[in-house]
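Listed below, chain by chain, are the residues.
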Amino acid sequence: MTSHILVIDDDPVQRRLLTNMIERLGHVAHLADNGRSGLELLERKGGIINVILLDLLMPEMNGHGFLEALAERGIDIPVIVQTGQGGIETVVQAMQAGAFDFLVKPVSPERLSIAIGNALKMASRDGRVKTARRPRGGAVGFDDIVSASPAMIRVIDLARRAAQSNIPVVLEGESGVGKEMVARAIQSASERTNKPFVTVNCGAIPQNLVESILFGHEKGAFTGATERHSGKFVDADGGTLFLDEIGDLPLEVQVKLLRAVQQGEIETIGARQPQKVNVRLISATNKDLINEVREGRFREDLYYRLNVFPITIPALRRRKEDIPVLVRAFVERFAAEQRLNQPLTLSSGAMALLTAYDWPGNIRQLENAIFRAVVLAEGNELTVRDFPQIATQIPGYVVADRSGFSWGEAGPERRLAAADRAVAPRVETGAQEKTAPREPASDTRPENAIASLSEGGDVRKLAEVEEELIRFALKFYRGQMSQVARKLGIGRSTLYRKLKDYGIDPDNPLRDAA
Ligand SMILES: Nc1ncnc2c1ncn2[C@@H]1O[C@H](COP(=O)(O)OP(=O)(O)OP(=O)(O)O)[C@@H](O)[C@H]1O
């Protein structure tokens with residue numbers, strides 16, 4: 001089927017090369033020389049474009065600016081970014097900003113064909129592309145919050161207690177940790193369960209509109225106020241108002257919010273009388289609010305009013321025990337949503353990879369990574385190969401896609417590995433680091449196995465294998481000594497002794513201690 005691909009690149013030679021490849025694949029290329037003209041073209045022809053191929057370094061509006069503009073406009077066309085060699089950091093940022101895939105220049109026709117094919121496959125499934133987020137609006141209860149870590153169980157326990165009363169709650173945590181989910185669960189478990197749950201993202205509304213959006217305005221209250229508007233407080237009357245990114249609220253609006261919290265009444269812009277409202281407030285922030293108070297950006301009196309019951313939701317990297325249960329829950333959910341004919345499982349190597357990764361975008365990023373993998377899955381088992389963007393970011397993993405390109409911590413490299421022997425998480429010792437990366441011992445070796453035979457074919461020395469395992473565990477658990485000792489089944493003092501014996505630097509397990 002012919003698809004329409006928008007190429008955004010400032011280099012005319014690159015545009016011509018890509019156009020040739022795209023046309024040879026049977027698609028139609030549309031061209032723009034920077035982000036801004038790309039956006040204009042989308043405004044004119046947006047409906048027909050299926051995939052966007054985006055260069056990151058361009059004058060006027062660069063690739064990142066373009067991705068932001070797409071997100072602001074809610075445009076959901078899959079974007080494949082291109083970058084020069086060594087630009088892996090920039091690619092990582094682009095992936096976090098919502099890009100679907102990436103290509104390293106010079107782009108080969110095979111890689112381009114695979115990336116476009118995957119993007120089209122994603123776009124055609126349910127018409128949903130980049131986001132795996134559940135449509136908002138459905139009831140979310142505590143039972144929907146997947147968790148196994150003691151930290152998260154404490155969060156749920158606190159939140160359940162908060163649900164017993166109308167006490168104002170502040171949920172603190174990085175973006176994507178599940179603050180809104182917990183807020184919704186509190187509402188569902190409270191006596192307001194059948195009442196409205198209204199969300200306002202204070203950081204996403206233009207400053208001059210925040211007051212009117214929260215408290216409403218009368219017709220004619222200011223230029224442009226051609227209709228009466230009720231405001232979110234009134235919309236949430238009887239229910240819960242979820243104020244996301246509360247730290248971004250302008251100081252003038254904070255005064256009005258304080259009054260609403262203290263007196264239970266709001267001042268609609270242009271109204272003569274204040275109006276009584278009955279709203280339960282749950283606020284969320286990814287900033288350190290007390291620091292905002294110290295810096296004079298957040299009112300202290302409001303802080304104490306809102307922060308009666310603070311709950312901190314830790315970042316996913318601080319509660320790794322949650323990763324396997326979340327992964328299984330998402331695989332199951334998306335496999336069911338995609339109506340796959342057979343059950344989908346996950347290899348132990350893939351689980352190790354997903355657990356080792358730090359997930360800067362937290363559960364939202366994990367959810368999206370699994371969604372992407374499930375949609376693109378070809379067999380009935382997800383392996384490390386289904387998470388190339390994650391593997392590139394973990395030292396020690398080398399992933400080859402089906403066209404034979406490999407990705408490792410040093411960036412892309414052409415490898416001779418057969419396509420189906422694509423994944424080789426490398427367990428490196430200090431000595432191996434100085435030599436070329438090792439290939440897996442055999443095609444059948446499990447993805448995260450440690451070799452039992454030496455290159456000469458003899459059984460390896462126990463001490464060597466032990467050293468390798470300790471180095472791997474230190475890297476895997478990011479140097480958390482007590483966890484490493486526990487998982488290896490030895491005491492901390494034994495672990496320290498072994499580190500000394502093997503000359504391992506715990507902060508940098510792949511290097512020898514100085
Ligand atoms: N424990 C969990 N179990 C299952 N899904 C979860 C969990 N935590 C978060 N999610 C899912 O992760 C996504 C992000 O969660 P949510 O929107 O609640 O995060 P947030 O902290 O409010 O993010 P932001 O600050 O960016 O608004 C949602 O799709 C949510 O359903």
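For the structure, see preceding data.
Below, the structure is looked at part by part. (Residues numbered from 1 in each chain as written. Predicted model: local features only at pLDDT ≥ 70, side-chain atom pairs only at ≥ 80, totals over all residues. Heavy atoms only, no water.)

This paragraph deals with the pairing of strand β6 (residues 169-172). Neither face of β6 is exposed, since V169 and L171 on one face and V170 and E172 on the opposite face are all buried. In this sheet, strand β12 (residues 309-312) lies alongside β6 in parallel orientation, the contact comprising four bridges. The partner of V170 across the bridge, within β12, is P310. (Buried < 20%, exposed > 50% of the residue type's maximum accessible area, 1.4 Å probe, protein only. Helix = DSSP H or I, 4+ residues; strand = E, 2+ residues; numbered from the N terminus. Pairing = 2+ DSSP bridges.)

So, about the sheet that holds β6. Strands sit in the order β7-β8-β11-β6-β12 across an open sheet of five strands; the sheet is parallel. Two strands bound the open sheet, and with one partner strand each, they are β7 (197-201) and β12. Across the sheet, the mean angle from the axis of one strand to that of its neighbour is 20 degrees, orientation sign disregarded. Taken together, the five bridges between β7 and strand β8 (residues 240-244) define a ladder with parallel strand orientation. Of the residues in β8, the one forming a bridge with F197 is T240. In the packing of helix α6 (residues 150-163) onto the sheet, the strands contacted are β6, β11 (280-285) and β12, and the crossing angle to β12 comes to about 155 degrees. (Axes fitted to C-alpha atoms, helices over the stretch in contact; angles between N-to-C directions. Contact = heavy atoms within 4.5 Å.)

For the structure on display, the rule yields 23 salt bridges. One salt bridge in this structure joins R259 and E267, with 2.7 Å as the shortest N-O distance. R259 sits in the partly exposed class, given a relative accessible area of 27%. In this structure, the salt-bridge partner of R299 is D301, at a minimum N-O distance of 2.7 Å. A relative accessible area of 27% places R299 in the partly exposed class. Residue classification places D301 among the partly exposed positions, given a relative accessible area of 32%. In the salt-bridge network here, residues are joined through shared partners; they are E211, K256, R259, E265, E267 and K276. (Salt bridge = Lys/Arg side-chain N within 4 Å of Asp/Glu carboxyl O.)

With phi around 50 degrees, E245 is a residue other than glycine that occupies positive phi space. With respect to the secondary-structure elements, E245 resides in the loop between β8 and α10 (251-263). With a relative accessible area of 17%, E245 lands in the buried category. In this structure, N362 is a non-glycine residue whose phi angle is positive, near 55 degrees. Residue placement: N362 occurs in helix α15 (residues 362-376).

Moving on, we get to the nonpolar core. With 64 residues, the main nonpolar core has L53, I80, L112, W359, I370 and F387 as its most contacted residues. With nine residues, the top contributor of residues to this core is α15. Once residues within four sequence positions are removed from consideration, F387 is found in contact with L346, A350, L353, L354, A369, I370, A373 and L382. With 28 residues, the next largest nonpolar core counts C202, L281, V293 and F298 among its residues. (Core = buried A, V, L, I, M, F, W, Y, C linked by side-chain atoms within 4.5 Å.)

Tracing the backbone shows H217 in the loop between α8 (207-215) and α9 (232-235). Exposure remark for H217: the relative accessible area of 10% places this residue in the buried category. Among the polar contacts made by the side chain of H217, one reaches the side chain of S212 at a distance of 2.9 Å. (Polar contact = N/O pair within 3.5 Å; in protein donor to acceptor, adjacent residues only side chain to side chain.)

This part is about the packing of helix α5 (residues 109-124) against α15. For any two helices packed against each other, the geometry is given by the interaxial angle and the distance between the axes. Relative to each other, α5 and α15 sit at 100 degrees, their axes nearing to 10 Å. Considered as vectors, α5 and α15 are oriented roughly perpendicular to each other. From α5, N118, K121 and M122 reach across to α15, where they touch F371, R372, V375 and L376. Here the residues of the contact of α5 with α15 sort into four nonpolar, one polar and two charged. (Parallel < 35°, antiparallel > 145°, perpendicular 65-115°, else oblique. Nonpolar A, V, L, I, M, F, W, Y, C, P; charged D, E, K, R; others polar.)

In this section: the side chain of Q187. Here Q187 shows up in helix α7 (residues 179-189). Side-chain polar atoms of Q187 contact the side chain of T240, separated by 2.3 Å. If sequence neighbours within four positions are ignored, Q187 has contacts with R192, T193, K195, P196, F197, G239 and T240.

Attention now goes to the sheet that holds strand β5 (residues 101-104). Overall, parallel pairing links the five strands, which are arranged β2-β1-β3-β4-β5 in an open sheet. The two strands at the open ends of the sheet, each matched to only one other strand, are β2 (28-32) and β5. Strand-to-strand, the axes of this sheet are offset by a mean angle of 20 degrees, without reference to chain direction. As judged from the four bridges shared by strand β1 (residues 4-8) and strand β3 (residues 51-55), these two strands associate in the parallel manner. Residue pairing across strands places V7 opposite L53, the latter belonging to β3.

Right, let's talk about the environment of A260 for a bit. Mapping A260 onto the fold places it in helix α10. In this structure, the C-alpha to C-alpha distance between A260 and F215, residues 45 residues apart in sequence, is 9.5 Å. When near neighbours in sequence (up to four residues on either side) are disregarded, A260 contacts F215, F233, E265 and I266.

Bringing α6 into the picture now. Its 14 residues give α6 an end-to-end C-alpha distance of 20 Å, which sits within 8% of 20 Å, the value for a rise of 1.5 Å per residue. In this structure, the buried residues of α6 make contact with β6, α7, β11, β12 and α13 (322-337). (Expected span 1.5 Å × (residues − 1).)

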